[in-house]
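Listed below are the residues making up each chain.
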Protein chains: 2
Amino acid sequence: MKINRLDIPGASTVKFTDKVLAPRLEKCLTSTIPSAVEKAYESGRVDAFDLKNYHGKREYFYDSDTAKILEGIAYALQIRFDADLLKIFQEWIGKIVACQQPDGYLNSYISGAAPEDRWKHLNNLHELYCAGHLIEAAVAGKDLPGGEALLAAVCRYADYIDSVFGLEAGKRRGWPGHEEIELALVKLYRVTGNERYLRLASYFIDDRGTEPCVFPADEWNFEGMKIVRQSDKPVREQSDAHGHAVRAVYLYSGMADVACETGDTELLEQCEKLFRSICNKRMYITGGIGSTFYYEAFTRDYDLSNGALMYAESCAAMGLVQLASRLFNLTGKTEYLEVLETAIYNGVLSGIGLNGNTFFYSNYLEVDENSSFYNFGAAERQPWFSCPCCPTSFSRFLPQLGSFVYSTAPGNLYVNMYPANQAELQVGDLPVKLEISGHYPYDGNIRITMQSAGEFTLHLRIPQWCKKSSIKLNGREVQRVISGNWQIGDVVEIVLDMPVEVMLSNQKITGNLGRIALKRGPLVYALEELDQICPVREIMIRRDQKFELKKIDGLPDGTLAISGKAYREILPADELYFNAAADYEKISFCAVPYALWGNRGKSNMCVWNRYYK
Amino acid sequence: MKINRLDIPGASTVKFTDKVLAPRLEKCLTSTIPSAVEKAYESGRVDAFDLKNYHGKREYFYDSDTAKILEGIAYALQIRFDADLLKIFQEWIGKIVACQQPDGYLNSYISGAAPEDRWKHLNNLHELYCAGHLIEAAVAGKDLPGGEALLAAVCRYADYIDSVFGLEAGKRRGWPGHEEIELALVKLYRVTGNERYLRLASYFIDDRGTEPCVFPADEWNFEGMKIVRQSDKPVREQSDAHGHAVRAVYLYSGMADVACETGDTELLEQCEKLFRSICNKRMYITGGIGSTFYYEAFTRDYDLSNGALMYAESCAAMGLVQLASRLFNLTGKTEYLEVLETAIYNGVLSGIGLNGNTFFYSNYLEVDENSSFYNFGAAERQPWFSCPCCPTSFSRFLPQLGSFVYSTAPGNLYVNMYPANQAELQVGDLPVKLEISGHYPYDGNIRITMQSAGEFTLHLRIPQWCKKSSIKLNGREVQRVISGNWQIGDVVEIVLDMPVEVMLSNQKITGNLGRIALKRGPLVYALEELDQICPVREIMIRRDQKFELKKIDGLPDGTLAISGKAYREILPADELYFNAAADYEKISFCAVPYALWGNRGKSNMCVWNRYYK
C-alpha cells in the first residue's frame, strides 16, 4: 500500500513577490534559460539529434543537458507563456523524437557517434541518466502543445529499456552509473499509471550494488568506482551517504519515490537514514555537499574543509533540496525543511550569479589568493563549462522554486517557507488563494492574508533556527497549527525572532577550529574582502556583541549586510615563521549573505572566520 | 675563474656519538640499506640489467633506485667495511657494466623493454636522471675495490651522452625532464678533470627552458608540464621556485655546482634567489617543501596547508639539505645552515621510522582521522613504494650526514652543527682531530675538545634560533671566530640558550591562523594524540607559560618531550553546527619532536595547534 504523501503544488501556482527568490526566478526566465538555449544550439547539442546531417562533436552527456534545458523551458512556459519559447520547445521535441531508433532507443551520442557502445559502459556513458532527464522533460511538458509527442517517445524508450534490463529471462542485469532514471520512471508512472515503469525503477534500485557488479571489472580501481557510484553494496545495506554527491541524492530521491508508490517503509527508512548521514555529518553549513573534487564526492564524516579540496557542487545542493522536499512530503517531519531552506538560500543560490548567466560549479566556503592555489582560479562564476551540468540544472531548478513553499493534503495546507508570494492552491478539492507578505528571509515579520474562504487546517513551520516566535490570527495569539473555516481577509501574523547567530562547528571539522560563521534566519553570511578595511584573514570577529544590520551598495535592494566589531591581528608581514606577539587593532567588519558573494568583482572570501574571545 | 668554496669532509671522517644522528646512521647501515638491497633483488632491479636473461618487469626509474642504493653501499663501505656488502657492490657493478651498449648507452629499462624509445621522451622517461644517479654512485665508489669499472662505464656513458646532446653541429638539443645529471656531471668532472662533463652540465642548465621546448608538444597540458619541469623559462630568468620540488632542488644544486666551477657569479646569484623563494615563502616550518601532491610540486607563495593536499616529500627535504650545503660552502652565509639544520632534524628524519626500514613519502604536518580523508591512509610509514625514491634516497643520504657537520678551507675550520661526534679532518694540509660532546640538539651546552695540535681559525655557528649564547676557550670568554695555535686538550665550551619557542606563521598561510607551533633549538615539536588526555583537535595551548621538558617512554633514550598547560575546549559532540558557548577545562599537553612522530602506533598528530591567549 502506497505511503501517503503531501501534494506539491505546481510551480506556476506560486508567484513570488519577495526580494530574493522573485528576482532570481525572473533572471532565470530572462537570462538563464535563454543563455542555455543559445549554448545548446552553439555547442551542437540540438543538432546532435539529427543523426544523418550532423557531424560535429557529440558527448555522452549532451542529451542530459538538452533535456534539462527543455524541462526548464516547459516550466517557464507554464509560469509565463512565450510564443518564441514554445517554438523552441516544439522544435527540440521534433528533433529528439526524430532521433529515436526503431526499437525505441534514444541517445544522440550513442546512435550518432558510438552505436557499438550501446549499454556497454553503464558505469560511464550516462545512457540511463540521459534517458531519465528526457523523461523528466517529457513529464514537465506533457500538457503543453506538442508535449505529447515527447511523452509518447519517452514511454516507448522506457518500454524498450524495460525490455532490456531486469532479472526476468531474456533480460540482462544492469543499473546506471549515474542515477536519475529511477526517480524519472516514478514520475512517468505517476502520469501514465503504467506500473511497468514503477517496477523498472524498483528493479534498478534493488539490483544496484548486488553481486556481481554490472560495471566493467577491468576498470582501474574497480572497488573505488563502485563506491563512487553507490554500487558497493545493495542500497538497503549502505550505512552512509557516499560516492558522487549528485548521484547519491538522485538515487535517494528515486528510493523515496519508489518507497512512496510501493509502500515500502523499510526503503523509506533507509532513505531517511542516508539523509541523516548527510545532514548530521557530511554537509556544509550552506547545505553544500560533496567535500572533495575527486569524483565530486562525499568523503567521510566531518571531513568538511573549506578550501582547495572542497566541492559542494551546485547540482548537488539542488539535488539535496529535491530529496529533502520528497522526505518532508512523505514524512511530514520539518527537519527536512531545515535542510531544504538552508540549501536553497545558501548553497544553491551561491551557484548562480545575480546576472543569471554565470555559475559556480564548486561552492567554496573560503577563497584566498594565497592559500587557495586550486580554487582561486575558480573564484569567479563562469558562463558555461565543458560539462555544463550546473547551468542546465539551474534552468530547471529555479522555475520549480514555487513548489517548495507549500505542501497540501485534503483539508490541510502546510507553509514551508515564508518568501512573499501570491498563491492559488488546491487543498484537496478546495481552491485556496492567499498572499504572504514581508521581507523574509531578511525580516521575521510575516503576514499571511487569506484571499479565499474555506475550511482547512493551516500548518505553519517554525524554523529550528528561530528560538522565539509568536503567531496571531486576526490579532489573537494562536498555535502554529490553526484549524478553521477561513474567511477572505483573515490575517495570520507570524513573528520569527531572527537575531544574528554566532555558529560554531563540530570540533571534528578541524579546519573550522577557532572559527565562527555568522547566520541570521536561514542565511549564512560571508566576509568578502572588498567590504573590509584589511585582508579577511587578519580579521577576528568579536563574539559577544550586538551585531548591526545595514544596507549595502552593489547588492540587490533589500539585502541586509551584518556589520560588527572585530580585531585586526597585526603580525610581521615579511617573515614566514616567527616568535612574536600580535598587535590588535579595533576595526569594524561587514558580512554579506553567502549566496551573494562574488557578484561585485573578484575578492577573497571567507565563511568561517576567526573570533576573538 | 672558479668560485672558491669550502671543502666538505668525507662522511666517514665524522663518527657520530650523539643520540639523534648516530642511531639513525647505525640503523641505515643495519636496516635501511640491507632492506633496500633485498627489495632491489626482489623487484628485479638488479636482474633487469641482464638484458638477455631477465624477462620480468622493468620500469623507467628502476636504474635510479639501484644506483642510489649502490651509492649508499659505497658510503657504507667507507664508514664500516663489510665483506658481504662489498660482494654486492661488485656484483651490481658487474651487472650494470654488462648492460652497457656498444655505443656507451646504459639503461636497463630502455635497452631491455623499449629500445625504440631511447631519448624519445625526455620529459618522462628519466634516462638522463638515471644516468645522473649512476654517475653519483660511480663517484661515491670509485676508490673501493671494483669501483673503477663503474667509473669507467659512466665516463663512457657520459661521453656518449655528450656526443648526443648539445648545440654543436651533429648534436641534438635536449635536457632532462627530471634534473640530476647536471650535478652528477660536475661530480664526474671533479674526479676526472674532464672538462667535457662540465661543459655538458652547463649546456643542460643553459639550454633548459629556451624555445622551442625539447619535450613532446602534443602532451596534455604542455604548458603545465613545462612548469612542473622548470622548463617554462631559461633558468636564469625564473623568478621563483616552482614545479616538482625534488627536481627543482636538484636543478638548483647543479646550477650551484656549475657556477662554482665556471666562476659564474650570475648563475650563483640566481640560485640564491631561487633558494630564498623557497625558504622565505614556500617552505614548511619543518624544512619540508612541495605543498601539493599534484606533481609533488611547489604551488605559490604562502600556500602551505598542513593536511590533505600537502606533500613535503622526503626526497625533497633531502634535496634541500644538499642544496643548502652547497650554497653555504660557496657563499659562507650561515642562513643556509639554518635551513640545512631545520630540514635534517625535522622534515628529513620524519620521513624514516626509527626502525630504519619504513618511510613516509609525504611528511604531513597534521593528520586527523576525520578531516584528513586523503592522508590518514598515508599516516603510517611504509616499507616500500611502487616508486621507492624516498627509501632509496635515505640509503644514500644518511651515510652522508657526516659531511654536513664541518666545512674546511686552508687555515679554517667551520662547525656547522653540534651533534656529538669524533672527527678526523683535513684543514688544508693540517690533519685535525677533535671531539664534540654534549646532547645537542636537546641541550645547548656543547664542548669541543681538540685532540690534535695546529694553527687554524675555528668558525663556530651561532644558530639564528639562539638569542643568547656564550663561548669560552679554556674558560675564557671568546667570540665565535677563534684564531689560534690549537693544543691537544684545548676546550671550547659553547652555551646556546634553547628555550621552548612559540612560533607563529605569516598570516597569508591561512590554515595556520590562530595556531602556534612549538620549537626548541632546531627541533619542531608535534602533538601526537596518544600522548594527550583528549583529541589533539580539542587542545588549546596556553601561550604564556613556562614549558617543561621531560623524558618520554617509547622514544629513544635522550629524547626530550615538551609538556605544558593547555585548555581543552569542550563543545557539543553530536551536533554539526550550533550556537553554543564552549567550556574550557585545564589540562596538560605533551609534545614530541616532529621527526619522531608515528613511531608508537597510528595516531592523530598536529604541528600547528591552537592557542589560548
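This is a predicted model, so every value here is computed, not measured.

Student: Please set out the pattern of salt bridges residue by residue, giving values where relevant.
Tutor: Residues and elements named next belong to chain A. Taken as a whole, this structure holds 78 salt bridges over all chains when the rule is applied. A salt bridge links Glu-261 to Lys-2, with the shortest nitrogen-to-oxygen separation between them at 3.5 Å. Here Glu-261, found in helix H10 (residues 245-262), pairs with Lys-2, found in the segment before strand S1 (14-16); they are 259 residues apart in sequence, far enough to count as distant. Across the pair Lys-171 and Glu-168 runs a salt bridge, and its minimum N-O distance is 3.5 Å. A single salt-bridge network, built from bridges that share partners, covers Lys-2, Arg-190, Asp-257, Glu-261 and Arg-326.

Student: Before we move on, could you go through the relation of the copies chain B and chain A and cite the residues and values that matter?
Tutor: One copy of the chain maps onto the other through a rotation about an axis followed by a shift along the same axis. Here chain B sits on chain A after a turn of 180° about the axis and a move of 0.0 Å along it, with an RMSD of 0.0 Å. In symmetry terms, the pair is related by a two-fold rotation axis. Interface overlap between copies: 98% of the residues of chain B at the interface are likewise at the interface in chain A, consistent with a symmetric, same-surface contact.

Student: How would you summarise the interface of chain B and chain A if you had to cite specific residues and measurements?
Tutor: Counting from both sides, the interface comprises 62 residues of chain B and, opposite them, 61 residues of chain A. Note on chain B versus chain A: buried area summed over both sides is about 5200 Å², and carbon and sulfur give 50% of it. The three residues of chain B that bury the most area against chain A are Gln-507, Leu-576 and Tyr-577 of chain B, which together make up 16% of that side's buried surface. Inspection of the region where chain B meets chain A yields zero salt bridges. Contributions of two or more residues to the side of chain B that touches chain A are made by helix H11 (265-281), strand S13 (500-505), strand S18 (561-570), strand S19 (577-578) and strand S22 (609-612) of chain B. The element that contributes the greatest number of residues to the side of chain B that touches chain A is S13 of chain B, accounting for five residues. Of the residues assigned to the side of chain B that touches chain A, the class counts are 31 nonpolar, twelve polar and 19 charged. With two bridges joining them, strand S13 (residues 500-505) of chain A and S19 of chain B adopt antiparallel strand pairing.

Student: Account for the packing of aromatic side chains, with residues named and values stated.
Tutor: Each pair of aromatic rings is reported with the distance of its centres and the angle of its planes. Taken as a whole and judged by the stated rule, the model has 56 aromatic pairs over all chains. Aromatic side chains Trp-608 of chain A and Tyr-577 of chain B sit 5.8 Å apart centroid to centroid with 25° between the ring planes, which places their arrangement in the stacked category. In this pair, Trp-608 of chain A is assigned in the loop between strand S21 (605-606) and strand S22 (609-612) and Tyr-577 of chain B in strand S19, connecting two distinct chains. The buried category is assigned to Tyr-577 of chain B, whose relative accessible area is 14%. With a centroid separation of 5.9 Å and 70° between ring planes, the pair formed by Trp-175 of chain B and Phe-215 of chain B is classed as edge-to-face. Of this pair, Trp-175 of chain B sits in the loop between helix H6 (147-164) and helix H7 (181-192) while Phe-215 of chain B sits in the loop between helix H8 (195-207) and helix H9 (222-228), and the two are 40 residues apart along the sequence. Residue classification places Trp-175 of chain B among the buried positions, given a relative accessible area of 0%. Classification of Phe-215 of chain B as buried rests on a relative accessible area of 3%. In this structure, Arg-118 of chain B is placed above the aromatic ring of Tyr-105 of chain B, and the distance from its NZ or CZ to the ring centre is 3.8 Å. For Arg-543 of chain B, the ring lying beneath its charged end belongs to Tyr-611 of chain B, and the centroid distance is 5.5 Å.

Student: Tell me about the side chain of Glu-341 of chain B, and name the residues and values.
Tutor: All names here are of chain B. In this fold, Glu-341 is placed in helix H13 (residues 335-348). Here Glu-341 falls in the buried class, since its relative accessible area comes to 1%. Leaving out residues up to four positions away in the same chain, Glu-341 has contacts with Met-417, Tyr-440, Arg-461, Pro-463, Trp-465 and Pro-522.

Basis of the calculations
- Residues numbered from 1 in each chain as written.
- Chains lettered and ligands numbered in written order.
- Predicted model: local features only at pLDDT ≥ 70, side-chain atom pairs only at ≥ 80, totals over all residues.
- Heavy atoms only, no water.
- Salt bridge = Lys/Arg side-chain N within 4 Å of Asp/Glu carboxyl O.
- Helix = DSSP H or I, 4+ residues; strand = E, 2+ residues; numbered from the N terminus.
- Least-squares fit on C-alpha atoms with pLDDT ≥ 70 in both.
- Contact = heavy atoms within 4.5 Å.
- Buried area = accessible area lost by both parts, 1.4 Å probe.
- Nonpolar A, V, L, I, M, F, W, Y, C, P; charged D, E, K, R; others polar.
- Pairing = 2+ DSSP bridges.
- Phe/Tyr/Trp six-rings, centres within 6.5 Å; stacked < 30°, edge-to-face > 60°.
- Buried < 20%, exposed > 50% of the residue type's maximum accessible area, 1.4 Å probe, protein only.
- Lys NZ or Arg CZ within 6 Å of the ring centre and 35° of its normal.

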